[in-house]
Amino acid sequence: MKNDLIHFIRWELVAEDQVEKVLAGLPQWGVRNIVAHPKWFRDGGESYVEKIDRLLKKYGLRSTACHALWGNGNDCIIPDPAVWSDMIRRQSLFMEQLQVLGITTYTIHTGMVLDLPPDDNLFLLRKTIDALLPCCEKTGITLAVENSAEPLPFIQAVADLIREYRHDKLGMCFDCGHANCYGGGVGKVLGIMKDHIVTCHLHDNYGEHDDHNPPGGGNIDWTELDALLDTLPRLKHAETESGIWDEPSWKKFCEVLGKN
């Protein structure tokens, strides 16, 4: 893989008094770039991101990719207008806070609502994109809509929607683990999203559960995936997203993606 590899750390599992210790150790593994985490968001008051920025600079690190706030009340497709409005406010505020880091991609879940018809889901997704794009333009951050457990026809519809916009601050995040276990497979899902992928989440599984394992902890063909990533015209970087983020895991990602 020719692009930058950014390492994901499960900051929700790191005690606050251990944050600097973790950052200080990463350069010894060869890590230079880490994924910004939604745990860093503060809704008002002093920006925690500014503290992280000082620590990153102290240890020669940077952070150019971020996962958006996610889960109930945070994803793109929200039928309740009040909940939706607050989501837009918080996601926009987080992107503004992230500017100091030089973040270039902001990955967000669709949050597809199974009880709603596909067209209604797409209408709400478009509504969110329209609301967030002005903040993307202001901050220079590209919004990346991620594939998750959606059926293939919906992923195709999302890709078609992204194509309609033809906006350089709008793209997609390809999650290979989700593609492997939620149907369709890595090659098929990547093929649908190919022209719009600006970042990717990399982890392994055996096609049955979203295990978030390092490479080798599943049945993904990493040689094939590595070659496919090199064909993506808009790819800015790739992100590890294993729940196991220790040094051996980082080294395994480097090994299968030719980063040694």
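How each quantity is defined
- Residues numbered from 1 in each chain as written.
- Predicted model: local features only at pLDDT ≥ 70, side-chain atom pairs only at ≥ 80, totals over all residues.
- Heavy atoms only, no water.
- Helix = DSSP H or I, 4+ residues; strand = E, 2+ residues; numbered from the N terminus.
- Buried < 20%, exposed > 50% of the residue type's maximum accessible area, 1.4 Å probe, protein only.
- Contact = heavy atoms within 4.5 Å.
- Areas by Shrake-Rupley, 256 points an atom, 1.4 Å probe, with all protein chains shown as cover.
- Lys, Arg positive; Asp, Glu negative; His and termini not counted.
- Charge placed at Lys NZ, Arg CZ, Asp CG, Glu CD.
- Pairing = 2+ DSSP bridges.
- Axes fitted to C-alpha atoms, helices over the stretch in contact; angles between N-to-C directions.
- Right-handed = clockwise from strand over helix to strand, strands pointing away.
- 1 Å grid on protein atoms, 1.4 Å probe; cavity = no way out; pocket = protein on both sides within 12 Å on 5 of 7 lines; lining within 4 Å.
- Points joined across faces, edges and corners; volume = space filled by probe spheres on them.
- Nonpolar A, V, L, I, M, F, W, Y, C, P; charged D, E, K, R; others polar.
- Core = buried A, V, L, I, M, F, W, Y, C linked by side-chain atoms within 4.5 Å.
- Salt bridge = Lys/Arg side-chain N within 4 Å of Asp/Glu carboxyl O.

The next thing to look at is the overall build of the chain. Check the secondary structure of the chain and you find nine helices and eight strands. Oriented by its inertia axes, the alpha-carbon framework of the chain measures out at about 50 × 45 × 30 Å. Classification of the 260 residues of the chain by burial places 55% in the buried group. Here the analysis covers contacts within the chain between residues at least 6 apart in sequence; of these, 80% occur between residues at least 24 apart. Accessible surface computed for the chain: about 11000 Å², of which carbon and sulfur atoms make up 51%. Averaging the locations of the 26 positively and 38 negatively charged side chains of the chain gives two centres separated by 7 Å.

Reading across the sheet, the eight strands line up as β1-β8-β7-β6-β5-β4-β3-β2 and stay open at both edges, with parallel pairing between neighbours. One side of each edge strand has no neighbouring strand; the edge strands of this open sheet are β1 (4–6) and β2 (33–36). Recorded for the sheet is a direction-independent mean angle of 30° between the axes of neighbouring strands. Two strands pair when backbone bridges link them, and β2 and strand β3 (residues 62–67) are joined in this way by three bridges, in the parallel orientation. By the bridge assignment, V35 is partnered in β3 with A65. Strands in contact with helix α4 (residues 118–139) are β4 (105–109), β5 (142–146) and β6 (170–175); relative to β5, the strand with the most contacts, it is inclined by about 145°.

Turning to unusual backbone geometry, a few remarks are in order. Within the chain, R166 stands out as a residue other than glycine whose phi angle is a positive 50°. Summarising the element assignment, R166 is placed in the loop between α5 (152–165) and β6. For R166, a relative accessible area of 73% puts it in the exposed group.

Turning our eyes to something else, we now look at the pairing of β6. For β6, a buried count of six out of six residues is recorded, marking the element as mostly surrounded by other parts of the structure. Pairing geometry for β5 and β6, over four bridges, is parallel. Opposite L143, over in β6, you have L170 as the bridge partner. This β-α-β element, β5 to α5 to β6, shows right-handed connectivity. One ladder, built from four bridges, connects β6 with strand β7 (residues 197–202); its direction is parallel. Bridge assignment links C173 to a residue of β7, and that residue is T199.

Here we come to empty space enclosed by the protein. Scanning the entire structure with this criterion turns up one cavity of 30 Å³ or more. By volume, the largest cavity is sized at about 40 Å³. Surrounding the largest cavity, T110, V145, E146, N147, E150, F154, I155, V158 and M172 form its lining. Listing elements by their share of the lining of the largest cavity, those giving two or more residues are β5 and α5. It is α5 that contributes the most residues to the lining of the largest cavity, three residues altogether. Here the lining of the largest cavity is built from residues that sort into five nonpolar, two polar and two charged.

So, on to the nonpolar core. Considering soluble globular proteins, one finds that nonpolar side chains tend to be buried as a cluster. By size, the foremost hydrophobic cluster in this structure holds 81 residues, and its most contacted members are W40, L98, Y106, F174, L202, L225 and L229. At eight residues, the largest contribution of residues to this core is made by α4. Here L225 is in contact with F174, C176, V186, L190, L202 and I220, once residues within four sequence places are set aside.

Right, let's talk about the environment of T107 for a bit. Mapped onto the elements, T107 comes out in strand β4. Overall, T107 belongs to the buried group, its relative accessible area being 0%. When the C-alpha atoms of T107 and D75 are compared, they prove to be 10 Å apart, with 32 residues separating the residues in sequence. Those residues within four positions of T107 in sequence are excluded, and the remaining contacts are C66, H67, A68, A144, E146, C173, T199, H201 and E239.

The next subject is the pattern of salt bridges. Enumeration over the complete set of coordinates arrives at 12 salt bridges. The shortest N-O distance in the salt bridge between K51 and E16 comes to 2.5 Å. Taken together, the residues K51 in helix α2 (residues 48–58) and E16 in the loop between β1 and α1 (19–29) connect sequence positions 35 residues apart. Using a relative accessible area of 30% as the deciding quantity, one classes K51 as partly exposed. For the salt bridge of R89 with D43, the shortest nitrogen-to-oxygen distance reads 2.8 Å. Residue R89 is found in helix α3 (residues 81–98), and its partner D43 is found in the loop between β2 and α2; the two are separated by 46 residues along the sequence. Since its relative accessible area comes to 42%, D43 is described here as partly exposed.

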